[in-house]
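# Structural overview
Listed below are the residues making up each chain.
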Amino acid sequence: MSSNTASADTPTCPTLIGPSNFQIWKLQIMVKLWREKVLGMALKTDTCPITSLSIPVWKWMEVNERAHGIIQDSISNTLLLKMEMHIIAKDLFDALLSIH
């Protein structure tokens, strides 16, 4: 499980437990990712440097880990276990969007 990756002054996002709170979770997780300056990683507007030279590989990995951790911190343990194979923030975010 990931450690707490959010800034202390950033409001917390509700834990995604399923379809009953998906819409509010989606809105709030996107705000949280935006405030933490990693929303582009979840939306794939920040491309992987292996396919694009837009940012160094180490920086991309750092931002991916941050975004991934924020998303993981905001989902239930049940969902976390179902999503453990997704190591790229965009893949994790897409998988969560597709199940709801």
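How each quantity is defined
Residues numbered from 1 in each chain as written. Predicted model: local features only at pLDDT ≥ 70, side-chain atom pairs only at ≥ 80, totals over all residues. Heavy atoms only, no water. Salt bridge = Lys/Arg side-chain N within 4 Å of Asp/Glu carboxyl O. Helix = DSSP H or I, 4+ residues; strand = E, 2+ residues; numbered from the N terminus. Buried < 20%, exposed > 50% of the residue type's maximum accessible area, 1.4 Å probe, protein only. Core = buried A, V, L, I, M, F, W, Y, C linked by side-chain atoms within 4.5 Å. Contact = heavy atoms within 4.5 Å.

As recorded by an unreviewed UniProt entry, the protein carries the name DUF4219 domain-containing protein and is attributed to Paxillus rubicundulus Ve08.2h10.

In this section: the pattern of salt bridges. If you walk through the whole model with that rule in mind, you get three salt bridges. The closest approach of N and O atoms between Lys59 and Glu62, which form a salt bridge, is 3.4 Å. Placement of both Lys59 and Glu62 in helix α3 (residues 57–73) is noted, with a separation of three residues, approximately one turn of the helix. On the basis of relative accessible area, Lys59 is assigned to the partly exposed category, the value being 32%. Ionic pairing is found between Asp94 and Lys90, a salt bridge with its closest N-O pair at 2.8 Å. Residue Asp94 and its partner Lys90 are located together in helix α5 (residues 89–98), separated by four residues, close to a single helical turn. Residue class for Asp94 comes out partly exposed when judged on its relative accessible area of 31%.

In terms of nonpolar packing, the biggest core is built from 24 residues, with Leu16, Trp25, Ile29, Leu33, Ile71, Ile75 and Leu96 touching the most fellow members. Every element with two or more residues in this core is listed here: α1 (22–35), α2 (39–43), α3, α4 (77–82) and α5. If near-sequence neighbours (up to four positions away) are discounted, Ile71 is found in contact with Trp25, Ile29, Leu33, Ala42, Ala89, Leu92, Phe93 and Leu96.

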